[in-house]
Amino acid sequence: MFGLLRIIRAIAGLLFCLQIIGLLPVITWLQDVSAVDGKMLAFLGFKVFLALFFGAIFFGMRSLINWLHIKKDGAPHPALASKKFAL
């Protein structure tokens, strides 16, 4: 069960990183602010929403896995207890 939860957490973390990388073109918009249109702002809003969504899943799954591991074994999951970004 923990393996499946960790796989789901890894996929959510990967999608979170991809959304953050997808936001990098926004930096180029600062060169010509007048060229920013509604589609670009919709793109930005959608990417930010997805990044927040997948980030919440990624960091929330850490708490869930640790809680389930404490309930089962009495201690936090060894791989997740020390680092926030460990899978």
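About the cut-offs
- Residues numbered from 1 in each chain as written.
- Predicted model: local features only at pLDDT ≥ 70, side-chain atom pairs only at ≥ 80, totals over all residues.
- Heavy atoms only, no water.
- Helix = DSSP H or I, 4+ residues; strand = E, 2+ residues; numbered from the N terminus.
- Buried < 20%, exposed > 50% of the residue type's maximum accessible area, 1.4 Å probe, protein only.
- Areas by Shrake-Rupley, 256 points an atom, 1.4 Å probe, with all protein chains shown as cover.
- Expected span 1.5 Å × (residues − 1).
- Phe/Tyr/Trp six-rings, centres within 6.5 Å; stacked < 30°, edge-to-face > 60°.
- Polar contact = N/O pair within 3.5 Å; in protein donor to acceptor, adjacent residues only side chain to side chain.
- Core = buried A, V, L, I, M, F, W, Y, C linked by side-chain atoms within 4.5 Å.
- Patch = residues over 30% accessible without salt bridge, like charges linked within 9 Å, V, L, I, M, F, W, Y side chains within 5 Å.
- Salt bridge = Lys/Arg side-chain N within 4 Å of Asp/Glu carboxyl O.

As a further point, take the overall build of the chain. Counting secondary structure elements, the chain contains four helices and zero strands. Counting only residues that meet the buried cut, the chain has 29% of its 87 residues in that class. If you sum the accessible surface of the chain, you get close to 6,000 Å²; carbon and sulfur atoms cover 76% of it.

The next thing to look at is helix 3 (residues 38-73). Between its first and last C-alpha, helix 3 extends 52 Å over 36 residues, near the 52 Å set by a 1.5 Å rise per residue. K47, L50, A51, F54, G55, F58, M61, R62, I65, N66, L68 and H69 are the residues of helix 3 that are buried.

What follows concerns helix 1 (residues 2-22). Spacing of three or four residues puts side chains on the same side of an α-helix, whose turn is 3.6 residues. The end-to-end C-alpha separation of helix 1 is 30 Å, in line with the 30 Å expected for 21 residues at 1.5 Å each. Of all the residues in helix 1, the buried ones are F2, L5, R9, A12, G13, Q19 and G22.

So, about the packing of aromatic side chains. Enumeration according to the criterion identifies five aromatic pairs in this entry. Aromatic pair F16 and F59: ring centres 6.3 Å apart, planes at 80°, arrangement edge-to-face. In this pair, F16 is assigned in helix 1 and F59 in helix 3, connecting sequence segments 43 residues apart. When the ring of F58 is compared with that of F59, the centres are 5.0 Å apart and the planes differ by 80°; the resulting orientation is edge-to-face. Its relative accessible area of 5% is what places F58 among the buried residues.

The next thing to look at is the environment of S34. With respect to the helices and strands, the residue S34 is situated in the loop between helix 2 (26-29) and helix 3. What makes S34 exposed here is its relative accessible area of 70%. Here D32 takes part through its side chain, which lies 2.8 Å from a polar atom of the side chain of S34.

Moving on, we get to the nonpolar core. Within the largest apolar cluster, five residues are counted, these being F2, L5, M61, I65 and L68. Only helix 1 and helix 3 provide two or more residues apiece to this core. Top element by residues in this core is helix 3. It accounts for three residues.

With that settled, consider the side chain of R9. Within the fold, R9 resides in helix 1. At 2.9 Å, the side chain of R9 and the backbone oxygen of F58 are in polar contact.

A cluster of nonpolar side chains, contributed by L14, L18, I21, L24, I27 and L30, occupies part of the molecular surface with about 630 Å² of accessible area. Broken down by element, the nonpolar patch gets its largest block of residues, three residues, from helix 1.

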